[in-house]
Amino acid sequence: MLALLACPNNSQINKLTKYYQLMEEVNYYQPSADMSMEAIQGYYETLKSQYSKDFPALNSNIPDATFFEVPEALGEVYNPASYFKSAIDSLTAPETIYINKENAGSYLGFDIISHEGLPGHMLQHAYFKSTGVHPLRSVLGYTGYAEGWASYAQFYSAKYYPGTEVDKRAYEAKCLYDKAMLYFSTLIDIEINYYGKTYEQMTKHALYSQVFNGSNSSKETYNYMVQNPAVYSSYGYGNYKMEQLRGKFKGTDYEFHKAVLSIGPTTFEILAKYILN
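Just so we're clear, the structure is a prediction, and the values are computed from it rather than from any experiment.

Participant: Quick question: what am I supposed to make of the packing of helix H12 (residues 253-263) against helix H13 (residues 268-275) here?
Facilitator: When two helices pack together, their arrangement is given by the angle between the helix axes and by the axis-to-axis distance. One can describe the packing of H12 onto H13 by two numbers: an axis separation of 10 Å at closest approach and a directional angle of 125 degrees. Judged by the angle between their axes, H12 and H13 are oblique. Remark: the crossing between H12 and H13 carries right-handed chirality. Within the contact between the two elements, H12 uses Phe256, Ala259, Val260 and Ile263 and H13 uses Leu271, Tyr274 and Ile275. Residue composition of the contact of H12 with H13, grouped by class: seven nonpolar, no polar and no charged.

And the structure:
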């Protein structure tokens, strides 16, 4: 999908435009949007009971995540959720996730827990620090790896979604839509912050004019992209690289996930060198 979006010809643009419009029309069905702390805890327990089939399990000394609500005063300016990294020198340090019920956007509770908790950020950080690596490795930041892993884990976790078969299929469809929009946003990020496209240029582009249509909200979106360069790219391109590596890796999903988590945060070039050779 990302390769298709990167160099679209006229035929591909027409297909993508129709796809975008169709997904907007069918997106009326949303799996449960319950963001209560009871629902959040339930999603965590579901993922906790399922993830170790496909991912390495956490050390038994690592505690379960504790969930807190973002204060109402910060609701409008805070992210939908965030995982606070636990202390790198203790396996028993608290694992903390904040949930922003006031500004969750299009995210559902299951999205948030699979991204921030298990098997997303929490698994990545807590598992890596339990491997006995030098503490310096735990504080070096590689946003593409971190958000790429969390996004990959979020989409992969669609197979664990609870409910009826219809619920599961609907959630899988939502994940496909979310992934396409994430890639789409990544390309917009590149157009604006790498190629320097102005708002006026974006409104005239055959594909991007779907978003930048002259409305006030589209201008706000453009300004947000300018003020936060490469944010979407770390998620979209990061996920793309994780999926690309999975396609090249010779082994099971479990073996791939363990290899990526054991090597830990690094560049994708180094990651590929060690897991593909």
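Participant: Sorry if this is basic, but what is going on with the pattern of salt bridges here?
Facilitator: A pair can form between side chains of opposite charge whenever their charged atoms are brought close. Using the criterion set out here, one finds nine salt bridges in the structure. Close ionic contact of Glu69 with Lys101 constitutes a salt bridge, the shortest N to O distance being 3.5 Å. Taken together, the residues Glu69 in strand E1 (residues 65-69) and Lys101 in the loop between strand E3 (95-99) and helix H4 (109-116) connect sequence positions 32 residues apart. Of the residues examined, Lys101 reaches a relative accessible area of 39% and is grouped as partly exposed. Between Glu243 and Lys179 there is a salt bridge whose closest N-O contact spans 2.7 Å. Taken together, the positions of Glu243 in helix H11 (residues 231-248) and Lys179 in helix H8 (residues 165-193) put the pair 64 residues apart, joining distant regions of the chain. A residue is classified by how much of its surface remains accessible, and Lys179, at 18% relative accessible area, is buried. A single salt-bridge network, built from bridges that share partners, covers Asp111, Lys174 and Asp178.

Participant: When you look at the sheet that holds E3 in this model, what are you seeing that I'm missing?
Facilitator: Overall, mixed pairing links the three strands, which are arranged E1-E3-E2 in an open sheet. Every other strand in the sheet has two partners, leaving E1 and strand E2 (81-84) as the edge strands with one partner each. Taken pair by pair, the neighbouring strands of this sheet meet at an average axis angle of 20 degrees, ignoring direction. Bridge count between E2 and E3: four bridges; the pairing is antiparallel.

Participant: Would you mind going over the packing of aromatic side chains with me for this structure?
Facilitator: The relation between two aromatic rings is expressed through the spacing of the ring centres and the mutual angle of the planes. Counting across every chain of the model gives 22 aromatic pairs. Measuring from centroid to centroid gives 6.1 Å for Tyr237 and Tyr240, while their planes differ by 35 degrees, and the two rings are tilted. Placement of both Tyr237 and Tyr240 in helix H11 is noted, with a separation of three residues, approximately one turn of the helix. What makes Tyr240 partly exposed here is its relative accessible area of 24%. Chaining the aromatic ring pairs together yields one cluster made of Phe55, Trp149, Tyr152, Tyr156, Tyr160, Phe249 and Phe256.

Participant: Sorry if this is basic, but what is going on with the nonpolar core here?
Facilitator: The tendency in soluble globular proteins is for nonpolar side chains to be buried as a group. Judged by nonpolar contacts, the single largest core of 49 residues is most densely connected at Leu58, Ile99, Ile113 and Leu271. Sorting elements by how many residues they give to this core places helix H7 (residues 143-156) first, with six residues. Beyond its immediate sequence surroundings of up to four residues, Leu271 is in contact with Tyr145, Met242, Leu245, Val260, Ile263 and Thr266. By size, the runner-up hydrophobic cluster in this structure holds 11 residues, among which are Ile188, Ile192, Met202 and Phe212.

Participant: Mind showing me how you'd approach the environment of Thr266 here?
Facilitator: Of note, Thr266 is situated in the loop between H12 and H13. For the pair formed by Thr266 and Thr143, sequence separation is 123 residues and the distance between their alpha carbons is 9.0 Å.

Participant: Quick question: what am I supposed to make of H11 here?
Facilitator: In an α-helix, one turn spans 3.6 residues; hence positions three or four apart end up facing the same way. When the terminal C-alpha atoms of H11 are compared, their 26 Å separation across 18 residues agrees well with the 26 Å that a helix rising 1.5 Å per residue should span. Taken together, the buried positions of H11 are occupied by Ser233, Ser234, Gly236, Gly238, Asn239, Lys241, Met242, Leu245 and Arg246. Buried residues belonging to H11 abut H7, H8, H12 and H13.

Participant: Please explain the packing of helix H3 (residues 37-50) against H4 as it appears in this structure.
Facilitator: At a minimum axis distance of 9 Å, the contact between H3 and H4 shows a crossing angle of 50 degrees. In this view, H3 runs oblique relative to H4, as classed from their interaxial angle. Here the hand of the crossing between H3 and H4 comes out right-handed. Every residue of H4 that contacts H3 at Ile40, Tyr43, Tyr44 and Leu47 is listed here: Gly109, Phe110, Ile113 and Ser114. Residue classes in the contact of H3 with H4 are distributed as six nonpolar, two polar and no charged.

Definitions and limits used
- Residues numbered from 1 in each chain as written.
- Predicted model: local features only at pLDDT ≥ 70, side-chain atom pairs only at ≥ 80, totals over all residues.
- Heavy atoms only, no water.
- Axes fitted to C-alpha atoms, helices over the stretch in contact; angles between N-to-C directions.
- Helix = DSSP H or I, 4+ residues; strand = E, 2+ residues; numbered from the N terminus.
- Parallel < 35°, antiparallel > 145°, perpendicular 65-115°, else oblique.
- Left-handed = near helix turned anticlockwise from the far one by under 90°.
- Contact = heavy atoms within 4.5 Å.
- Nonpolar A, V, L, I, M, F, W, Y, C, P; charged D, E, K, R; others polar.
- Salt bridge = Lys/Arg side-chain N within 4 Å of Asp/Glu carboxyl O.
- Buried < 20%, exposed > 50% of the residue type's maximum accessible area, 1.4 Å probe, protein only.
- Pairing = 2+ DSSP bridges.
- Phe/Tyr/Trp six-rings, centres within 6.5 Å; stacked < 30°, edge-to-face > 60°.
- Core = buried A, V, L, I, M, F, W, Y, C linked by side-chain atoms within 4.5 Å.
- Expected span 1.5 Å × (residues − 1).

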